Structures are given as C-alpha cells and as structure tokens.
Amino acid sequence: MMKKKSISSSKASLVLFLCQMISALDVPLDSKLLEELSQPPTITQQSPKDYIVDPRENIVIQCEAKGKPPPSFSWTRNGTHFDIDKDAQVTMKPNSGTLVINIMNGGKAEAYEGVYQCTARNERGAAISNNIVIRPSRSPLWTKEKLEPNQVREGDSLVLHCRPPVGLPPPIIFWMDNAFQRLPQSERVSQGLNGDLYFSNVQPEDTREDYICYARFNHTQTIQQKQPISVKVFSMDSLNDTIAANLSDTDIYGAKPVTERQPILLTPTGSTSTKVELRGNVLLLECIAAGLPTPVIRWIKEGGELPANRTFFENFKKTLKIIEVSEADSGNYKCIARNILGSAHHVISVTVKAAPYWITAPRNLVLSPGEDGTLICRANGNPKPNISWLANGVPIAIAPEDPSRKVDGDTIIFSHVQERSSAVYQCNASNEYGYLLANAFVNILAEPPRILTPANKLYQVIADSPALLDCAYFGSPKPEIEWFKGVKGSILRGNEYVFHDNGTLEIPVAQKDSAGTYTCVARNELGKIQNEVQLEVKDPTMIIKQPEYKVIQRYGQVSFECIIKHDSTLLPTVIWLKDNDELPDDERFLVGKDNLTIMNVTDKDDGTYTCIVNTTLDSVSASAVLTVVAAPPTPAIIYARPNPPFDLELTGQLERSVELSWIPGDENNSPITNFVIEYEDGLHEPGVWHYQTEVPGTQTTVQLKLSPYVNYSFRVIAVNEIGRSQPSEPSEQYLTKSANPDENPSNVQGIGSEPDNLVITWESLKGFQSNGPGLQYKVSWRQKDVDDEWTSVIVANVSKYIVSGTPTFVPYEIKVQALNDLGYAPEPSEVIGHSGEDLPMVAPGNVQVHVINSTLAKVHWDPVPLKTVRGHLQGYKVYYWKVQSLSRRSRRHVEKKILTFRGNKTFGMLPGLEPYSSYKLNVRVVNGKGEGPASPDKVFKTPEGVPSSPSFLKITNPTLDSLTLEWGLPAHPNGVLTSYILKFQPINNTHELGPLVEIRIPANESSLILKNLNYSTRYKFYFNAQTSVGSGSQITEEAVTIMDEAGILRPAVGAGKAMASRQVDIATQGWFIGLMCAVALLILILLIVCFIRRNKGGKYPVKEKEDAHADPEIQPMKEDDGTFGEYSDAEDHKPLKKGSRTPSDRTVKKEDSDDSLVDYGEGVNGQFNEDGSFIGQYSGKKEKEPAEGNESSEAPSPVNAMNSFV
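As the structure is a prediction and not an experimental result, all values here were calculated from the model.

Conventions we followed
- Residues numbered from 1 in each chain as written.
- Predicted model: local features only at pLDDT ≥ 70, side-chain atom pairs only at ≥ 80, totals over all residues.
- Heavy atoms only, no water.
- Salt bridge = Lys/Arg side-chain N within 4 Å of Asp/Glu carboxyl O.
- Helix = DSSP H or I, 4+ residues; strand = E, 2+ residues; numbered from the N terminus.
- Buried < 20%, exposed > 50% of the residue type's maximum accessible area, 1.4 Å probe, protein only.
- Pairing = 2+ DSSP bridges.
- Phe/Tyr/Trp six-rings, centres within 6.5 Å; stacked < 30°, edge-to-face > 60°.
- Core = buried A, V, L, I, M, F, W, Y, C linked by side-chain atoms within 4.5 Å.
- Contact = heavy atoms within 4.5 Å.
- Disulfide = S-S within 2.5 Å.

A. Expanded view of the pattern of salt bridges. For the structure shown, the criterion picks out 40 salt bridges. The shortest N-O distance in the salt bridge between arginine 724 and glutamate 678 comes to 3.7 Å. Of this pair, arginine 724 sits in the loop between strand 62 (711–719) and strand 63 (734–735) while glutamate 678 is found in strand 59 (residues 674–681), placing the two residues 46 residues apart along the sequence. The shortest N-O distance in the salt bridge between glutamate 813 and arginine 782 comes to 2.6 Å. Placement of glutamate 813 in strand 69 (residues 811–820) and of arginine 782 in strand 66 (residues 776–783) is noted, with a sequence separation of 31 residues between them. Judged by relative accessible area, which is 15%, glutamate 813 ranks as buried.

Below, the structure is given as structure tokens:
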C-alpha cells in the first residue's frame, strides 16, 4: 500500500513539473542567423527503409544532413563499421553522406545486400538514419513445363494457372493473346488475385490456343511470358465420330447435356479462412465461384456494416477492397455466391494489426542555460510498441551521464541545462511489424539579442487602415520587446496598439499623426539592441467626380469624367475598362487625363465603362453605363438589310481546301461591309450551321480550309450597317477524305472526386474534328516527381475517366491523345492534376486571443503543416460563441458565430462582442473537401463597457412638492453597475428650461422620492446608469407637481408626451369674455368689408365655390376642462422652443372642399386685382409651421387670436 502511494505521488510531481516547463525557443528561418548559430546535426534526406535496387545500375544510398559546424558522416553495414576507403567500388559524395556503389563497372549488386545505417556527427551531437535494407530486384524466368491442352465440357468450370516466378518485388500479372490484346473479362471469366484465370463456366467461344499469362517486373522494366495454354470446349450436340475416337467409351456414354448447377467456390476453399492486414494498408478479400448460370457475389460483414466511403468492389464484385484499414475493421467478412439454383458462402476472419505510428514525435529543443524542457516520444501500434531512447546514436543506458537529464518512459526531462547538455536523441518505437526512428536535438544556446528586421525600413500605409511594423528578433534567453515612438518617446502602451509575439507592432487604425520614427528595443540578460523603422501615412485616393450614366444617339460623341484626388507623394495610374475588359483597339476612343471620349459612337459601344485608379498602396473605381440609341430616321432614303447572295459555286476541290464564289444581292442603299461564310456538316451534324470565316464586302470569292471526314455544304450571308441578310441557298455538298486527328482534346483536367481517385476530364472533339471514323482517346497518367512509367488506357468517345486507388491529394501528370481508325493525333501536352482531397488531419495549434476592447478581439493561430491539409488550402474558420454574461452569471442558448479567413492567414478580428462576457472559440482549417478537426476551445473574457439605458422610468404619486421615481435595470449592464445619475430641471410656461440639478444614486436602488419641488411645475428628468467605464445612454421623462389638494391632476406617463392642463376655468373670467366680444366684432367687420369688395368685382372662382358649398364650420374649443388642448412634444430629447406651443388640435378644422378667406387670405399667396377678382394660387394649407420665436403667419381667425393669448 505504501508503494502504490509513493508511485502516485511521483506521478503527480511529474505532472506539476511538466506544467511549469518553460517553452523552448523558436529559431527564425533567417539564413544569415542560421549560418552563425551552432546546431547539432539533423538528417534531411535518406533512402527508404526497404530499398530495392536495379542490379544493372549503380546503387545510390542517400544520407544528407545539416548542422553547424557541418557534420561528418560514417556508415555501418549489418551492424559493424563499413570502411568505405577499403572498397574501390564505393565512394561518398563530397560534403555529403550519400554512398555511390559502382555496379556498372564490374561490381555485383548481390555482394552489397545488407542493412546500412548512416551517422552524421559534429561537436554538438550525432544523428542517425533509419536502417536501410538494400536488396537487388529479381525478375527470374518462367520454369519450363509441359502444358497439356485443356479439354473441357461446355458449362463446366475451369482454372488456368499462371504460377509466375517469384520476383522482387512481386510481378504484376495479366493475360493476353498472341496479338498482345488483353483477354476480355466478365462476371463469368476473371483473373484472381494470385494471377490465375477463373472460368465460372466455359462456353464454346472460350475455345482458343493462345491463353498467355504475362508477368511484368516494374523495377527492371521486363516482361516474362508463360507458354500459351490451349483450351478446347466440347458441346454435346456437336460431338462427332472424330471426337468419339479420341474419347473412351466410358466418357461417351457418361456424357450428359449441359445442365445448370448451383454455385461452388473455386477460391478460397473450405468454409472459413483467416487474413491479417496492417493498419493503413488496403485490405483485399476475394471470392470466385463456379456455377451455371454464372453466380453473383455479395459481401457482408457479420455483426456490422461495411465502412462507408472506404469500401470498393472490384473484379465484378468478386474482390472486396477496403482502403486505410484500422483496428475497427477487424471481424468476419462473408462472401455469398448465388444463382437461381442456390448459394454458397465463405467466411474470412480478418485481424488488423498495426506497425508503430506516431502520436507525438519528439521535436527539437533550443534552450538557454539554466532552462528546463522535455522530449516526448509517444507511439501506438498493435501490439503496443516498445519505446527506447538513444543519445548520439548510443543506447541511453550506456551513454555518458548528464545530470540535467532524467528518462521517464517515453519522456526525457531536462532541468537546469548547461551548454554541455547539447546532444541528438533518438527515439525508437518498434513491434513485430516494424519500427519508427526519430532524431530530435537539444541545443543549448546563450546568445545576446539580435534584430533581424533591416534598419530604417520604410513602411507606407493609407490613412484609416492597419499598419504592421516588423521587429523580427532572436536571442537566448528569449528577449523582451518594447516599442517607442520618436527619439525620446515613452514606451508604447494602450488599446490603440497591438503587440504580437513575433515582435510586430500593429496600429489597427493608422492616422496621419501616427507617422514618424518607431524604435524597437530587444533585451535579455546578455545584452540589448534596438532598431528604428519609419512609418508614412498617406491620404487615400478618391474619385471626386465619377462618370455618369449617358444616353447618346448613334454616330454622336460622348465623354465620361473621372476626376481624382490623391496623396501628393503617390503617383496614380488611371485605367479605363469596357464591360470589365480592355478598351477596344480603336482610334475613336480617346483617353484624356480626367476623361474618356468616344467619337462617332456605334451600337457596339453600348456597355459599362469603368474608371480604375491605382497607386502603389490603394485602388478605387467607379462605373457608368452608356446606352446607344438610333439617330432620328431620314425619310429621304430607305435603308434596309441587303438581299441574300446567290449562285454559289465550288471549284478547285482539294483534300484540305476548296474555292467558293457567289454573286452579291442588292445592298439596299447601305454598302455591304462584309460577307459571312457558314458551313453545314451533313455527316456529323446535319441541319446545324457553323461559322467558317468572313471576307470584306468587295470580295466575292474565298479559299476555304477544310477538315478531313466532313460532308461540307456552304452558305453566304451579306452584312451592312443595317444588319444581316437572309442566308443564301446552300452550295453543293463536298465530302473530304479521312485522316489522323489533327488535334487533341482541350481543357484536360485531373481533379479527384474521392480521396482515393483521380477523375480525368476533357472536352471531346467535335464531329468534324475527329478527321475519320472510330474516334477514341488514349488517357495516360503517372504520379509527378516519382520515377514511374506512364499508365495508359484507351476509352471510347467519352469525356471522363476515373483512376481508382490513388494516394490522397498527390500531383499527377496527365495527357489525353485522340485517335481514330487511321491513327493517332500528335503527341499531347501534359497537364498537372491532383487526386482527390480528404478532410484535413490536424487542427491549428497555439490558438491565442488578444482582447483589444470590450467589443473587439484578435485571434492568432499557427498554420497547420501543408501536408496535413490533404487538399487545396482554402482558409481557416473561427467558431466563437458567448458562454455567459459576467454581470448576470446566467447561461443562455449558445448561438455560434463563424468567421472565415481566406488563404494561409494566421490571425483575424472578432467584431461585435458583448462587453463583460465570457466567450469560447476554436479554429479549423478548410480545404476543398471540408473542415478539419477543431482546435481545443479557447476561453476569453471581454472587459466592462458602458451600460444601455435603464429599461424603464416611471414617475408616480405627484404631490404639491414631491414626485416618486421608479426605474428598471438596464437590459444590457455590460459590467458591474456603480451608480445611477439623475438630472432634472423645471420648464416654465414659455417652454424655457430652468437650472439643471444632478443627483447620484447607489446602484442597488430602484426608486427615489424627490421632495422640496415647486408646486404646479413641469419637470424634465434625464436618467442613466454608470459602470466603472463610464455613463450609458439616458432615458427622459416629464411630469408635473399638482396645484392644490382639491384638484389633483395625474400626469400622463410617456416619453415626454404628457403635459398638465391649466387648472383655471378661463371661460368664467371677465377679461376673457371681453376679449371674445372684441374678436367677434372684428370678424363681423371683416366679413362686411369682404362682402362689399366681392360685389364690386362680380363673380370669381372663390365665389363660385362659395355658392356650391356651405360656409366652413369652426370646431368649438374643448368644454370638458375649459382648456385649449394638451401640450405635446413628440421628440423627447429636443429642447422646447419658445413660441412653438400651439398644438395641432387648436386649429380650425375644415372639410376638404371648403373655401374661406383663411384659405385665400391676402397674407398667404393671393391678392385681388383692380376689378375685385381674385388672382394668385389657391392654397390648400390649413396651418403653417410657426417660425421659432415668432407668432404664426396665418390669416387672423378667432382661434388664432385666442392662441396668441396662451
């Protein structure tokens, strides 16, 4: 029990130690720096572990390494030192460890078979290569054997054995005839995995004497041929005396007619078998059955499903193929052969083992003296691999002692390292199926800081765009980086700058005052260095007068303007485009400094014209559309399209050319500009006319180039400025002779649709391009940068071919050649394609988040290795979502947001974040197949921000001198509320604002009673919340204290829309009664005067309207409370204006058809002439908006008169 406790304690200490490790240094890939730093050896290139060589050529065993100082090389063979100097046939390349064994000058490859290992050594350690097993390839001849003819009865099964010689590597088997044509295969006849040819049942057509098995040895590029095998199929119905003479009596009398038979398995035999396959390999299972009718094969996995997307059926479903097998594919696979008479089955028990594969391969460590670090080597396999360590190529158990080193299984722990601790460590993971060997060095460096960015480097950016100032550095220990602006400036800090781990200073939004000299300082305990860079901020380029839409008549002139404003130090270039393409090469287009002019405009000039302004730092553009319309017609001359040509004649017929002549038709007052010649191919596309060529309108003959194997007919179309004529009558037909194709398919592409295939597509030749009958295509491919032969296949007249079983996303060289019955087209050009993409394998690492402010953050990540993308890198996706608000501590439904960053970008901005919240994010790499795995979720928090306005503000319980205020929390606190700010001020009867009073209220309060207020007074309140960052937006309300206890008026609560009415009944006041009498008398006098003036001038339009309509009615004032309407202010936040207090419900209301002197009044827009008739414009306005600080400009009315006293 005590022992277990001790082990557990030591593991906990190890975990704590690993968590406290200082991360290793990253050495920049700067060539000058790498030349100066000492570095242990690293193997950069080596031959494969299993190296099969051509015995006829020199053997080259590669071993390349780098290091500082340059490493020396040595070799072992079969575990002992290989003395190169003692063997005249063996040399080592200069400055390299690569061996060259001279076989072509007398050496024998068999003498150099063995296991080789290379060691690269310098003063800082030794790296070793894999064990390289050298074996010469072998392509032995077929053993001579006497082959008896196969005589078989129709319907019986048959197996033709190939039994190829054992070669190294094993040969590729195929069956052909004496004419070197592949034997046709089908569900009935097929080749097995062992190379034998299986007949489920033989038919009379299988009789032949040239069944030949070929073995191709790719390594030596040789093909061995087995002696031809003869097969004779006998039919019972055709037996004659000659056959009977060759058979025994028993055979004849025992013969039966062809009968149907249920399936039996030809291979594998028995009811069960076993198969062992390695992880990652291709699993091939085969079942071939005999029977009549021919059996159909079906595959199932007992107790599970066949893996989707990795399962393929080959050889007419007789072969089950599963790619990239894993341990999960172990199990029992059953093949079932079935026909109408029954079935047979076989169970194959599959076990998947695994050679070692990396989980975590050891990585190089660069440490400073006194630092700590770890080398981790983790691998998996089946069975579990054994992990062993070596130091400088020597087992670590017998290597020199290093007190800073401790080995703990798959981990080496370094603590307080010194310079003598530099070494190269090897991790070996092995099991019975193979091994992995990895070198990782530990390099102890003590280096003062170095800045790699050139001094006084100039950066230029456009204002309001980001600026990135580089300060690439190196040092050991890792230096600290500081930035200063100006010669004696203070250190740069704050949210306006972003400091990157690689030393780069980012100014997210550069302004003109951001320009100047910036100094980067790098320091560690060994020294300090600084570097200055210059930043210039330029004004953006702008188009201050853009081109405008134009409509122009045909043959007119048009001009587009493009006037620009730019930084005086930048040289702009202006480019004009038409429909996003270059301007036509036409002298009618004149490009000026600030404009584009088009002379003598035609219909072809119709389109969109774009002005693009480019500088070295930015680019802007603007577009406008030009529409060309027909000029006004001239009635004197009638223009029309020309009449069609006629009397077509073919002369001078040759294999590839013919002369066509014609007579033009009437041109109809518009000269013929050109003739268009079209042709019809009556052999391939009858009834379809194609463009051939065109000639000037003055020409009536043309020499036409022809293609082979086309039945030509021609027609001619005349063209003038008005349009095209009707086509002429077709010429006589002319059939050209067949020939080889002149051209190959175009647009050849190779794009995989699945991870293990390559889909080769092309645009097929058109009928007339075939040049003859029997059009086919020879499709060839080979893997790029691999010394393979071309693989070719001839396909029918299609446009696609799929190559299966390819590695994932590797380049291929592809070519497609046309051929017909007469021969091949010229050699085609090669194109590069890629096999299918697969989902990326790894997630981006080192995801870091830098919170810039409460709503913006920046995320960084390390790019994934390109080889793990397994496809075309399209970019990275950042998934982020809010976990919870830190102020409420309550979770909500997670709504994930996605930002996509194109290309190999390693950072991005996250906008629109909510302040004072906790977020999570992860990053995924994207290729053409989809997204890779997500990186571990990264948690970050946003700082506090200013809150939103309180959710409500209610004012209740008005008294003579107090009001009660109640409010709700802000919907978005965006932080911890520190207090509320209440401001209020009185409003007098002339809408003037009184002094402003401010009160600070604790954050935990939700109501307040304001006392000592003035009675019968309107107050306006402004209310907002505060956090530690600042004040949020405010909410406003208005309310009135009551006049006395007997007549309390409850103020309406709303966004500034309520106002207390006056409490005095003015209708009972003497001054008001007198005023009303005066107003009535004034109105009576005005009516009498208007009546007299109208009678003097006779009728006028207003009189007619007054005769047709009743007098307008004036709505009475409100009688319920004796007031003139409610006070209304529709905009809470606007200050009240003096003199603008007349509400809309105090106006004189009229029907739409009413007329009055108010409508036609002299003070509006009208006047009377000398005879009293009305002149001017009828005004439909009922009320004008009063000018601020002045009385209304309407004509006098009783209501307006009353308004003036309010």
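B. Structural detail: the sheet that holds strand 33 (residues 394–395). The strand order 29-37-36-32-33 describes an open sheet built from five strands, whose pairing is mixed. The open sheet has two edge strands with one neighbour each: strand 29 (365–367) and strand 33. Where strand 32 (residues 386–391) and strand 36 (residues 423–431) come together, six bridges link them in antiparallel fashion. Pairing of tryptophan 389 across the sheet is with cysteine 427, part of strand 36.

C. View of the packing of aromatic side chains. Scanning the entire structure with this criterion turns up 21 aromatic pairs. With a centroid separation of 5.7 Å and an interplanar angle of 35°, the aromatic rings of phenylalanine 984 and phenylalanine 1021 are classed as tilted. In this pair, phenylalanine 984 sits in strand 81 (residues 979–987) while phenylalanine 1021 sits in strand 84 (residues 1018–1026), placing the two residues 37 residues apart along the sequence. By relative accessible area, which is 0% here, phenylalanine 1021 ends up buried. Plain terms: the ring middles of tyrosine 1019 and phenylalanine 1021 are 6.3 Å apart, the flat faces sit at 35° to each other, and that makes the pair tilted.

D. Representation of the nonpolar core within the structure. Ranked by size, the top nonpolar core spans 29 residues in total, and within it Ile59, Ile61, Trp75, Ile101 and Tyr116 carry the most contacts. Of all the elements in the fold, those that place two or more residues in this core are strand 3 (59–61), strand 4 (63–68), strand 5 (72–77), strand 8 (99–101), strand 9 (114–122) and strand 11 (132–136). Setting aside chain neighbours within four positions, we find tyrosine 116 in contact with Ile61, Trp75, Thr76, Arg77, Phe82, Ile101, Asn130, Asn131, Ile132 and Ile134. Judged by nonpolar contacts, the second largest core, of 20 residues, contains Val658, Phe675, Val710 and Phe768.

E. Spotlight on the state of the cysteines. Following the criterion strictly, the structure yields six disulfides and no others. Paired by a disulfide, cysteine 63 and cysteine 118 hold their sulfur atoms 2.0 Å apart. Across the disulfide from cysteine 63 to cysteine 118, rotation about the S-S bond amounts to roughly -70°, and the bridge is consequently left-handed. Within this pair, whereas cysteine 63 is found in strand 4, its partner cysteine 118 is found in strand 9, the two being separated by 55 residues in sequence. Relative accessible area serves as the criterion here: at 0%, cysteine 118 is assigned to the buried category. The disulfide partner of cysteine 162 is cysteine 213, and the gap between their sulfur atoms is 1.9 Å.

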